[in-house]
Amino acid sequence: MNDFNPLVFSGVQPTGNLHLGNYLGAIRKFVALQQSHNCIYCVVDLHAITTWQDPTELMTSTREVTAAFLASGIDAKKHIVFNQSRVHQHSELAWIFNCIARMGWLSRMTQFKEKAGKDRENASVGLFSYPTLMAADILAYRATHVPVGDDQKQHLELTRDIAQKFNNDFSERIAELGVGVEMQVGDERVNGYFPLTEPLIEGPATRIMSLRDGSKKMSKSDPSDLSRINLTDDADLISKKIRKARTDPEALPSEPAGLEGRPEADNLVGIFAALNDISKEDVLAEHGGWQFSQFKPALADLAVEKLAPIAAEMRRISGDADYVDSVLSDGGARAGEIAERTLKDVRSIAGLLQG
Ligand code: TYM
């Protein structure tokens, strides 16, 4: 726990199809957190361009992710929704963090290794330093809580390492300028400029797996469209993909322990639980003993019931690009004010002359 004002920040990349993993692992939590927290939600277009993006498609995707946020129930008036590149303070802080983070820290990032693949020499420098920009996104607002899926856990640990090193390296300056905040770190009360942000990774949907292979996570980049449910899929396609989902021949167990070693079954039960906002225990208490031939249609009905209204609303909102752009521009202006307050402090702390 720390003594910073609670603030939620999270981001989604505009890199093509948003899928059920993005929705259940992240966007749905964004919506819920609005009740209890001030929230800032960002479409991270600067992260997207760490791999090649067609410029026209990037603009379309940025608007589409924004439309998905709004269609899912994010209130852009009460909270803040914007695209990252509008607020140049993210890039400025990322540069400063590039000088705080160590090569060794970034070299250990598994997402870089996965995304760069075998041809590491040919990956962009931006892809390598991706996590420092992510730390900048979060810490430009001194955000305390970040809802994400399980795949972002290591990036959030790095964000804490960067915050901690910045707080340590500049502890005297921070005290001298009186800009620090007292916070609890372990058993100690310490003064620091940046909070040690907490990841929010919980519930039955922190890692939704591919419908074709229970050992791979559901992903935008999987070549098989049958592996994922896209937020834009219509009812027929959703049903077809669930019908074709890979499973084993056993019936469902009546307790979660029985899902051990059955990744595909575990995944479908997790999806059912998350869509209904209940636990896997609850799902199995009701559906234990069911064959997949019964369970899949029930899951398909549920998925269509929950996702079809969002898809329809997304289409409606996406059709009005001017409206979407006005939301992003308004959000960008409000985010920029907060981020600039942080950057003013950071420049002073680091000894960068300004004003
Ligand atoms: P991105 O765009 O890959 O994914 C957006 C969110 O969806 C979650 N997610 C999943 N959750 C469960 N199961 C899955 N199969 C699945 N696939 C994706 C991700 O964990 C994420 O929460 N680096 C981030 C974007 C980012 C960010 C940030 C996030 C940039 N700056 C600051 C938080 C805070 C990313 O690539 O997410």
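These numbers come from a predicted model, not from an experiment. (Residues numbered from 1 in each chain as written. Predicted model: local features only at pLDDT ≥ 70, side-chain atom pairs only at ≥ 80, totals over all residues. Heavy atoms only, no water.)

As assigned here, the protein chain comprises domain 1 (7–204 + 321–350) and domain 2 (225–317). Listed per partner, the contact involves 16 residues of domain 1 and 18 residues of domain 2. Summing both sides of the interface, domain 1 and domain 2 together bury roughly 1600 Å²; the carbon and sulfur share of this comes to 73%. Here domain 1 is connected to domain 2 by one salt bridge. In this structure, aspartate 277 and arginine 28 form a salt bridge, with 3.9 Å as the shortest nitrogen-oxygen distance. For the pair domain 1 and domain 2, the interface holds four residue pairs in polar contact (both at pLDDT 80 or more). Secondary structure elements with two or more residues in the side of domain 1 that touches domain 2: helix H1 (20–33), helix H3 (55–72) and helix H15 (321–350). (Domains from an automatic or database assignment. Contact = heavy atoms within 4.5 Å. Buried area = accessible area lost by both parts, 1.4 Å probe. Salt bridge = Lys/Arg side-chain N within 4 Å of Asp/Glu carboxyl O. Polar contact = N/O pair within 3.5 Å; in protein donor to acceptor, adjacent residues only side chain to side chain. Helix = DSSP H or I, 4+ residues; strand = E, 2+ residues; numbered from the N terminus.)

With that settled, consider the side chain of histidine 47. Mapped onto the secondary structure, histidine 47 falls in helix H2 (residues 45–48). According to the relative accessible area criterion, histidine 47 is buried, its value standing at 1%. For histidine 47, the contacting residues outside a window of four places in its chain are Gln13, Gln84, Tyr130, Leu133, Met134 and Asp137. (Buried < 20%, exposed > 50% of the residue type's maximum accessible area, 1.4 Å probe, protein only.)

Turning to the side chain of aspartate 222, a few remarks are in order. Mapped onto the fold, aspartate 222 is located in the loop between strand S7 (198–200) and helix H11 (235–243). In this structure the side chain of aspartate 222 is engaged in a polar contact, spanning 3.5 Å, whose partner is the side chain of serine 227. With residues near it in sequence (within four places) discarded, aspartate 222 still touches Ser210, Lys216, Ser227 and Arg228.

In this section: the site of the ligand. Contacts to the ligand come from 27 residues, most closely from Gln13, Tyr130, Asp137, Asp151 and Ile208. One of the side-chain nitrogen or oxygen atoms of tyrosine 130 is found 2.6 Å away from a nitrogen atom of the ligand. Aspartate 137 is positioned with one of its side-chain polar atoms (N or O) 2.7 Å from a nitrogen atom of the ligand. Isolated, the ligand exposes 710 Å² of accessible area, and the fraction of that covered by the protein chains is 96%. (Near = heavy atom within 4 Å. Areas by Shrake-Rupley, 256 points an atom, 1.4 Å probe, with all protein chains shown as cover.)

Moving on: the pairing of strand S3 (residues 80–83). A regular strand carries its side chains on alternate faces of the sheet. Of the two faces of S3, the one holding Ile80 and Phe82 and the one holding Val81 and Asn83 are both buried throughout. As paired elements, strand S2 (residues 39–43) and S3 share four bridges and run parallel to each other. In the strand pairing of S3, isoleucine 40 is matched with isoleucine 80. (Pairing = 2+ DSSP bridges.)

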